[in-house]
Every structure is written in structure tokens, then in C-alpha cells.
Amino acid sequence: MDRLTALNIFRRVAELGSFAAAGRRLSRSPAGISKNVAELEAHLGVRLLNRTTRRVSLTEAGSLYYEQIARILDDLDVADSSLGPLQQAPAGVLRVSAPATFAILSPLTRAIPAFLERFPDLTLDLRLEDRRVDIVEEGFDLAVRAMDNLEDSSLVARKLMITPHVVCASPAYLARFGVPEEPGDLRRHNCVQFTLSGHSDEWVFRRGDRTVRVPIAGRYRVTSSVAVRDALCAGFGLSLIPSTYVEGELASGALCTVLKDWAAVDLSVYAIYPSRRQMVPKVRAFVDFLVDELGNQT
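Quick summary incoming for the structure in this document. (Residues numbered from 1 in each chain as written. Predicted model: local features only at pLDDT ≥ 70, side-chain atom pairs only at ≥ 80, totals over all residues. Heavy atoms only, no water.)

### A short note on a nonpolar patch on the surface
Where we set the bar: Note on patches: the residues involved have over 30% relative accessible area and no salt bridge, like charges join within 9 Å, and the nonpolar side chains Val, Leu, Ile, Met, Phe, Trp and Tyr join within 5 Å. For every accessible area listed, the method is Shrake-Rupley and the probe measures 1.4 Å; residues are considered covered only by the protein chains on display. A carboxyl oxygen of Asp or Glu within 4 Å of a side-chain nitrogen of Lys or Arg is what we treat as a salt bridge. Each helix is a run of DSSP H or I of at least 4 residues and each strand a run of E of at least 2, with the numbering of both proceeding from the N terminus. Using a 1.4 Å probe on the protein chains alone, a residue whose accessible area is under 20% of its type maximum counts as buried, one over 50% counts as exposed, and one in between counts as partly exposed.
A cluster of nonpolar side chains, contributed by Leu4, Ile72 and Leu76, occupies part of the molecular surface with about 260 Å² of accessible area. The residue Leu76 is located in helix H4 (residues 60-82) in this model. Since its relative accessible area comes to 37%, Leu76 is described here as partly exposed.

### A few points about the side chain of Gln193
In plain terms, the rule: For the purposes of these results, a polar contact is taken to be a pair of N or O atoms within 3.5 Å, where, inside protein, one atom must be able to donate a hydrogen and its partner to accept one; residues adjacent in sequence count only when each atom of the pair is a side-chain atom. Any two residues whose heavy atoms approach within 4.5 Å at even a single point are treated as in contact.
With respect to the helices and strands, the residue Gln193 is situated in strand E8 (residues 193-194). Given a relative accessible area of 3%, Gln193 falls into the buried group. Looking at Gln193, its side chain comes within polar contact range of the main-chain nitrogen of Gly218, at 3.4 Å. Those residues within four positions of Gln193 in sequence are excluded, and the remaining contacts are Ser200, Asp201, Ile216, Ala217, Gly218, Tyr220, Arg221 and Val222.

### Digging into the layout of surface pockets
This is how the line gets drawn: Points on a 1 Å grid over protein atoms alone make up a cavity when a 1.4 Å probe fits among them but cannot get out, and a pocket when they form an open set with protein on both sides within 12 Å along at least five of seven lines; lining residues each have an atom within 4 Å of a point. Grid points are joined across faces, edges and corners, and a volume is the space filled by probe spheres set on the points. Residue classes follow a fixed rule: Ala, Val, Leu, Ile, Met, Phe, Trp, Tyr, Cys and Pro count as nonpolar, while Asp, Glu, Lys and Arg count as charged, and any other residue, Gly among them, counts as polar.
One number sums up the size of the second largest pocket: a volume of about 460 Å³. Forming the walls of the second largest pocket are 28 residues, and the residues nearest its centre are Pro99, Ala146, Phe194, Leu196 and Ser197. Only strand E3 (92-98), helix H5 (100-105), strand E5 (142-147), helix H9 (225-233), strand E12 (239-242) and strand E15 (267-274) provide two or more residues apiece to the lining of the second largest pocket. Ranked by residues supplied to the lining of the second largest pocket, first place goes to E5 with 4 residues. Classifying every residue of the lining of the second largest pocket by side-chain character gives 16 nonpolar, 7 polar and 5 charged.

### A few points about the sheet that holds strand E4 (residues 122-128)
Cut-off, in case you're wondering: Being paired, for any two strands, means DSSP has found at least two bridges between them. Where helices are involved, their axes are fitted lines through C-alpha atoms of the stretch in contact, as for all axes, and angles between N-to-C directions lie from 0 to 180°.
Spatially, the 5 strands line up as an open sheet ordered E4-E3-E5-E15-E6, and their pairing is mixed. Each end of this open sheet is capped by a strand with a single partner; those strands are E4 and strand E6 (155-163). Neighbour to neighbour, the strand axes of the sheet diverge by 20° on average, direction disregarded. Inspection of the sheet shows E3 paired to E5 by 2 bridges, in the parallel sense.

Below you can see the structure in the form of C-alpha cells.
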């Protein structure tokens, strides 16, 4: 048994909860992955994983062992990288996931060419897609997300900015169906729902010390904020949307805000990356870039 290989394999299985997923990440067969873990368990004389047909999970001993070896393997990664050129300057391929609408409508994509000019040995693979990726499972170095809370405690979140939201609709819609005066009035309206947000079925409003949660329903649910904006401009309902996405429409009068006396709960945008004692230079450089480009909007 190659002890270091077995430790790395066990770690990936523990993190991904699957022999098959670990095999895909490490380019090994599930049978080979299972064999290595079994040999490690035999060497230690203890069962590290509970196995079912659907998933594997850590035993009590496995959880304790994982915590110890993860720190050791991280230290080895840091020691290795300290001797290579990647420690001196960002280089290699950086895989990043970001929401398409946010990336295009924010300063992000416009600033990326200058970022790459600054680091000629770095290649950026930026995936713009309106879905929430599994960073570890899909092999991303970093993801940009707007969210209320971090769903995975093994990930690190660096806050970049706050995205103010407004409730708005077209003048034609409001003339036809009325202007909501209180958050509760939204129950009688056709609300266009952005389904990738954490608040697609419930919108939260605050005024002073009062907080109101309103269940939302409508005939149009969609995974694109641009599609939400288009529906609003067409007079099809109202919606809660980042104010920066509709700045032009609000300025021209194509859309109008409502419930101005109430503050919609805003979301924060974060850079999310796997927890490490020391970030590799390419990730650190991109996080610093995101802070510089977006941080002044917090």
C-alpha cells in the first residue's frame, strides 16, 4: 500500500461521500478507490467508513482520523507549493464559477482582460451559468455567489459586496392591478420568481423594528434575472430584483418601484473557495481582484 496515496484517496472519499465521485476526481476506478481504503483500514485495524448502496459516511474513528490527516495533507501541499514557481506568482489554470447575469451586469467581466494582462502565466476558465455548482465535486477553485448563508462549513467565504433589491413593475401593470401599499398586498399580485435565489418563495421586508415575511406565488418561475427583468418590462407581474439590474429601466420610467417605505432584505455576494490554511497564489490573486473591483459597492 502506498500510504500517501491511500490517505489522499480516503480524504476525497470522506469529503465527497462516494467512491465513484472520488474516483472521478482522482481519475481512478471506484474498485481501485475501494481497495485502497480497505487496505488503509486493514493497516490501521479500524473501520473508517460506513458503506451503503447509495453513500459512504465516516465512522466515529474515521471522523477523528480525517480531521488529523486533512491537516497533515494540507501542510504537505503548502510545503510542496513553497518550492515551486506557483508560490512566486499566479500561474496555471484557474477554474471559476459565477452567475451569468451578475458577472455581465457588474464590473466583473469588463475588468477580467486587465487582470489576465497582469498575470501572463495564468489561464482563466470562467464558467458563467445561473446554477449553484458543487465546488469540490466539480473541481472549481472558486465560485462567486449571492446568498444569505454559507451552506457548507468546509468552505471559506470572503464577502465582496451587498446587492440592494427593489420591488418593481411596469406602470401598465400597476395601473391595471393596483399599487401594493403593504408587503401583505403582494399576495394578491402575480409575482415573477427568480428560483435560484434563497428567497424565491418568500420575500422579507423591514421597516424600523418590524419584519414582515410574505409568501410569494405567481405564474412565472425562471432561473435568469434578465428574464425576470424582461417580464416586468412586458407588464407581466412584479418582482424583487437587484436594483443594479434595472437601473436603466427605472431611470427611463419603463419600471417603477413600489413599497418604498419598506426595505427589502439584501443579499451579500461572496467569493467561495475550499478551506485551506494557505491559499494558492492564483486563488489569492483572483480574490484580491474581486475585492478591488466589487468591494467599493459594499
